[in-house]
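# A structural walkthrough
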Amino acid sequence: MASCDFLPGVLCKFPAMSDQYIRDARKVIDDGFKGLVREYAGLIDVVTQPLQWFLNYLERLFTSSPWIVVLAVMLVIVYFASRSMRITIGTVVGMLLIGVMGLWADTMVTLAIVTVATLIAIVIGLPIGILMARSDRIQGAVNPILDVMQTLPSFVYLIPVVVIFGIGKVPGLIAVVIYAVPPMIRLTNLGIRLVDAEVLEAADAFGSSPGQKLWNVQIPLALPTIMAGINQTIMMSLAMVVVASMVGVGGLGKNTLQAINNQFFTFGFMNGFALVAIAIIFDRASQAFGKRLQKHSEVVHG
Amino acid sequence: MASHGIEIRNLYKIFGPRGRDYVESVKAGMTKAELNEKHGHVLGLKDISISMPAGGITVVMGLSGSGKSTLIRHINRLIEPTIGEVVYDGTDICRMNEKDLREFRRHKTAMVFQKFALLPHRTVIENTVYGLDIQGVPRAESTRRGRYWIERVGLSGFENHYPNQLSGGMQQRVGLARALTNDADILLMDEAYSALDPLIRVDMQTVLLDLQAELKKTVVFITHDLDEALRLGDKIAILRDGKVIQQGTGQEIVLSPADDYITAFVKEVNRGRVIQARTVMRPFDGIMDGVRLAANATLETAAKQITEAGQSRAIVADENGAPVGLLDLPTIIAAMVTPASHSAEKMAAE
C-alpha cells in the first residue's frame, strides 16, 4: 500500500505477538484446563448424574407413553394455561401433523430436553434475578456476564462444555441452559425493579419483613414480566436444541443436523416446521397464561 | 382511644450523602437555597418541634415542597431523620432497631397514601387484611375483622372486586379500611384525599370525622388544602420550606396568622365555618333575651339560628347551659368578613 512507503513498519502492519508465543499460551491454557477437568472428573460426574437421570426419565416417559396419552395431557395443560379453545385446537392440529410426518418420537425427545432445560433455567434464573433486583452491585456484576452469554456465538461455548462434560445429552442440556437462562434472569430482575415504589412503601409502612415484601408484593407484581422471561427461555431453548445436536442431543435437532450434512432439503424443513409448531404452541399457551395473570389490572372502572 | 401523643423534637432532615455534616450550618442560618447551591444537599426539614395530642387529629399543612410528606414519613421512619427525636410512649422511634421498628409499624401505626398504594393483584378484602397478614393473624380472624371495616367505610358488596375495578374514592375507602383494620393507635394520612374529586373529598372527610368521634385515634393528616385542614384539624401546623411557621388551632390560625404567607392563605377561607361563637362574643349583659347558642357553635350556625328565630341577638351558653356572653348579627358579620391583609394595613398606615 502506498501509505506504507513512508509510515514506520510498526504502524503499518499490526505488531501481533509472535505466533510462537500465542501457540505456547494456548497450549498452556488448554492443557491446564484439560488437566483441571481430568482432576475433577469424579466430581463433575456426581454433579451431572442427577441431570442425566432426570433427563432420561422424562425422555423415557415421553417416548414410551402412548401418543394419545401424551397428547391428552398436553391438551389439558395447554387448555388450563390458556383457557382458549383456539390455542387448544391449534395444538391438536400441530401435534397430529407432526405425528403424520413420522416425527412423533423425535419431537418427544426434543420436548423432554426443552422441558428439563426450561425448569433448570427457572430454578437458576429466578433466584439470580431476585438477587440482582435487590442489589445494584450484584446487578453490576451479573449484567456483563449475561451480555457475554448472550452474544458469545453458541458454537464457542460448546467447546468448554464439551471439554468439561464430554459428548452427550447432558452437555447438550447444559449448553441449552446457558443459552436460555439470560432472559429469565434479566426479566425477573426487571420485573421486580419495576414494581411501583408506592406499593413497596405501603408494604414497608405496614411493617413487612424483606421476605414478606418479596413474596406478597414483589414476586406477584413482577409475575407477568417473569412469565415473559419463561416464554423467552422456552423459545431460546427450542432454538438451541438444534445447535446442541452437534454435541449429541437427539430429537428434531439431530435430524436437522443430518439434513444439513446430507442436503436432505425436505427432511430438514419437516423437522424445522415441527420445531416451529411446538414453539408456537408453547409461546401462545405461556403468553395466554401470562395475560391471565394480569387480569386484575384490566381497568373496568375508568 | 389512643393514650399516647407523638412528640416531635428538633427534627432535621437534610437529603444527601453527608447531610449530618451540614446540620450545624443550617442551625447557624444557612437557607435551603444556599445549602443546595453550595453543597448540593437538600434541606427537607428544619428544626421541627410539634406535639401531636393523643386522640386528636393533627393536620400538617403546606404546599408542595414544604416537607410535609417528609415529615409524616418520619413518624413511622420510612425516612431516616438526620437528627432529632420522634417520641411515642416514651420511646424515640428514631433510635429503634430494625426489629422494634417493624413491630412498631405493625402494631402502632397504619398509613393511608395519596395514590392509594393498594396491591393490584389482591381483592378488596385481601387488601384490607394486608396489615393483619403481615402480623401473622390467621385468615379466618383477619377476614372477619376486615369485613367489619369494609362495611364501616361503606364498601359492602365490593369485597371481591379488584382495586382497578373501583373509582378513586372507593379505592381510598379501601385504603382507609386497610389502615383501620390494623387497629393501630396512630393513623397516618399522607394527602389521603388530595387525589379525590371535591365532593368525594368532603364525603371522605365526613367518614373520617365520624369514625374519629368513635375511635379517637392519634391521627396525623397531611394536606395542601387549608379548608380541609380547618375542617379536620384539632391542631394545625403550617409548614413552609421545611419549617413550621405557625401551629395552633384552626381558629388561632385564621384569627391571627403569623405572617403574610399564612395571611394570604387565610384570606380565601370561609371564616364563618371556622370561628366559634365564644371567640367573638361580647360580655354577657344580664338580659336574657334572644336564642341560646353553644359556645363552640360556628358563626355560620349562629347566624342561621338567630335569623331563623327572627331575632338579632343570641345568648352564648357554656356546656352547662349557663350564659357566658352574647352575640349579635353585626358582630357576626364583622367577624365573618375577611379583614384587610397585613400588607393592606401597612399601605394604609404609610
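Residues numbered from 1 in each chain as written. Chains lettered and ligands numbered in written order. Predicted model: local features only at pLDDT ≥ 70, side-chain atom pairs only at ≥ 80, totals over all residues.

## Re the overall build of chain A
Going by this rule: Here a helix means four or more residues in a row that DSSP labels H or I, a strand means two or more in a row labelled E, and each is numbered from the N terminus. Here the C-beta atoms are placed from the backbone, and a residue counts as buried if at least 20 other C-beta atoms lie within 10 Å of its own, exposed if 12 or fewer do, and partly exposed otherwise.
On a plain count of helices and strands, chain A comes out with 13 helices and zero strands. Overall, chain A is about 75 × 60 × 50 Å in size when its C-alpha atoms are taken along their principal axes. Here chain A, with 302 residues, has 35% of them falling under the buried criterion.

## Let's talk about the interface of chain B and chain A
What counts here: Note that contacts rest on C-beta atoms placed from the backbone: two residues are in contact if these are within 7 Å. Put simply, Ala, Val, Leu, Ile, Met, Phe, Trp, Tyr, Cys and Pro go in the nonpolar bin, Asp, Glu, Lys and Arg in the charged bin, and everything else, Gly too, in the polar bin.
With 21 residues of chain B at the contact, the number on the chain A side is 20 residues. Its residues assigned to classes, the side of chain B that touches chain A comprises ten nonpolar, seven polar and four charged.

## Overview of the domain arrangement of chain B
The extent of an interface is frequently quoted as the accessible surface area lost upon association of the parts. All names here are of chain B. For clarity, the threshold we go by: Just so you know, the domain bounds were taken from an automatic or database domain assignment.
Here the domain parsing of chain B yields domain 1 (6-108 + 184-267) and domain 2 (272-336). The straight-line distance from the C-alpha centre of domain 1 to that of domain 2 is 35 Å. On the domain 2 side, the residues contacting the five residues of domain 1 number four residues. Tallying contributions element by element places helix H11 (residues 250-255) first for the side of domain 1 that touches domain 2, with four residues. Grouping the constituent residues of the side of domain 1 that touches domain 2 by class yields three nonpolar, two polar and no charged.

## Some words on unusual backbone geometry
All names here are of chain B. A positive phi is found at phenylalanine 116, a non-glycine position, where the angle reads about 70°. By the secondary structure assignment, phenylalanine 116 is in the loop between strand S6 (109-112) and helix H5 (124-128). For phenylalanine 116, a count of 23 C-beta atoms within 10 Å puts it in the buried group. Its identity as a non-glycine residue notwithstanding, alanine 117 has a phi of 50°, on the positive side. Its location among the elements puts alanine 117 in the loop between S6 and H5.

## Considering the environment of Leu196(B)
All names here are of chain B. Looking at the secondary structure, you find leucine 196 in the loop between strand S7 (186-190) and helix H9 (198-215). The exposure class of leucine 196 is partly exposed, given the 19 C-beta atoms found within 10 Å. Considering only alpha carbons, one finds leucine 196 and lysine 115, 81 residues apart in sequence, at a separation of 9.6 Å. For leucine 196, the residues in contact, after removing those within four places along its chain, are Gly168, Gly169, Gln172, Arg201 and Met204.

## Things to note about the sheet that holds strand S9 (residues 235-240) of chain B
Residues and elements named next belong to chain B. Short version of the rule: Pairs of strands are assigned from DSSP output, requiring at least two bridges between the strands. Each axis is a line fitted through C-alpha atoms, taken for helices only over the stretch in contact, and angles between the N-to-C directions span 0 to 180 degrees.
Pairing in this open sheet of six strands is mixed, and the strands run S6-S7-S8-S3-S9-S10 from one edge to the other. Looking at which strands have only one partner, the edges of the open sheet turn out to be S6 and strand S10 (243-248). On average, adjacent strands in this sheet sit at an angle of 15° to one another, irrespective of strand direction. Of the strand pairs in this sheet, S7 and strand S8 (residues 218-223) are connected by five bridges, and their pairing is parallel. By the bridge assignment, leucine 187 is partnered in S8 with valine 219. Across the sheet, helix H8 (residues 168-181) lies against S6 and S7, angled at about 175° from S6, the strand it touches most.

## Some thoughts on the pairing of strand S13 (residues 313-317) of chain B
Residues and elements named next belong to chain B. Selection rule: For a crossover, the right-handed case is the one in which the path from the first strand over the helix to the second runs clockwise, viewed with the strands pointing away from the viewer.
Here four bridges tie strand S12 (residues 291-294) to S13, and the two strands are oriented parallel to one another. The partner of alanine 294 across the bridge, within S13, is alanine 317. This β-α-β element, S12 to helix H14 (residues 299-308) to S13, shows right-handed connectivity. Where S13 meets strand S14 (residues 323-328), five bridges bridge the pair, whose relative direction is antiparallel.

## Focus on the confidence of the model for chain B
Note the following rule: pLDDT measures the predictor's confidence residue by residue and takes values from 0 up to 100.
When the pLDDT values of chain B are averaged, the result is 88; 96% of them are 70 or greater. Among the scores for the predicted complex, ipTM is 0.82 and pTM is 0.82.

## Describing helix H9 (residues 169-193) of chain A
Think of an α-helix as 3.6 residues a turn; residues three or four steps apart then line up on the same face. All names here are of chain A. Quick reminder of the rule: Expected span of a helix, by definition, is 1.5 Å for each gap between consecutive residues, and there is one gap fewer than residues. What we call the bend at a residue is the angle made by axes fitted to the seven residues finishing there and the seven residues starting there.
Taking 1.5 Å of rise per residue, the 25 residues of H9 would be expected to cover 36 Å, and the 36 Å separating its terminal C-alpha atoms lies within 8% of that figure. Along H9, the largest kink reaches about 35° and is centred on alanine 180; proline proline 182 follows within four residues of it. Counting buried positions over the 25 residues of H9 gives 23, a clear majority of the element.

## Considerations on the packing of helix H3 (residues 41-64) of chain A against helix H6 (residues 104-134) of chain A
Each pair of packed helices can be described by the angle between their axes along with the distance between the axes. Residues and elements named next belong to chain A. Filter applied, for reference: Crossing handedness follows the turn of the near helix against the far one: under a right angle anticlockwise gives a left-handed crossing, and clockwise gives a right-handed one.
Where H3 contacts H6, the two axes come as close as 9 Å, and the packing angle between them is 145°. Handedness of the crossing formed by H3 with H6: right-handed. Mapping the contact onto sequence places Phe54, Leu55, Leu58, Glu59, Phe62 and Thr63 in H3 and Ala105, Met108, Val109, Leu111, Ala112, Ile113, Thr115 and Val116 in H6. Among the residues making up the contact of H3 with H6, the classes are represented as eleven nonpolar, two polar and one charged.

## Details of the packing of helix H5 (residues 85-100) of chain A against helix H13 (residues 265-293) of chain A
Residues and elements named next belong to chain A. The condition that has to hold: Angles below 35 degrees are treated as roughly parallel, those above 145 as roughly antiparallel, those between 65 and 115 as roughly perpendicular, and all remaining angles as oblique.
Between H5 and H13, the least distance of the axes is 10 Å, while the angle of their chain directions is 160°. Relative to H13, the element H5 lies roughly antiparallel. The two elements H5 and H13 cross, and the hand of that crossing is left-handed. Of the residues in H13, those touching H5 at Ile87, Gly90, Thr91, Gly94, Leu97 and Ile98 are Ala274, Ala277, Ile281, Arg284, Ala285 and Ala288. Split into classes, the residues belonging to the contact of H5 with H13 amount to eight nonpolar, three polar and one charged.

## Concerning the sheet that holds strand S4 (residues 83-88) of chain B
Either a parallel or an antiparallel arrangement is found when strands of a sheet pair, and the pairing is made through backbone hydrogen bonds. Residue and element names in this part refer to chain B. Within the open sheet, the four strands sit side by side as S2-S1-S4-S5. Their pairing is antiparallel. Two strands in the sheet have a free side with no partner beyond their single neighbour: strand S2 (42-52) and strand S5 (91-92). Strand direction decides the pairing type here: strand S1 (residues 6-15) and S2, joined by seven bridges, are antiparallel. Residue pairing for S2: leucine 11 is matched across the bridge by isoleucine 48.

## Describing the pairing of S14(B)
Residue and element names in this part refer to chain B. Relative to S14, strand S11 (residues 282-283) runs antiparallel, the two sharing two bridges. Across the sheet, the residue bridging to arginine 282 is leucine 326, located in S14. Between S13 and S14, which pair antiparallel one after the other, the connecting turn spans five residues, and glycine 321 there sits at a positive phi close to 90°.

## Details of helix H11 (residues 210-244) of chain A
Here H11(A) contains 35 residues, and its C-alpha end-to-end distance of 40 Å is more than 12% below the 51 Å for a straight helix at 1.5 Å per residue. Leu223(A) marks the point of greatest bend in H11(A), at about 55°, and the proline Pro224(A) comes within the next four residues.

## Some details on the environment of Lys295(A)
Residues and elements named next belong to chain A. Summarising the element assignment, lysine 295 is placed in the segment after H13. For lysine 295, a count of 10 C-beta atoms within 10 Å translates into the label exposed. Between the C-alpha atom of lysine 295 and that of arginine 83, which follows or precedes it by 212 residues, the distance is 13 Å.

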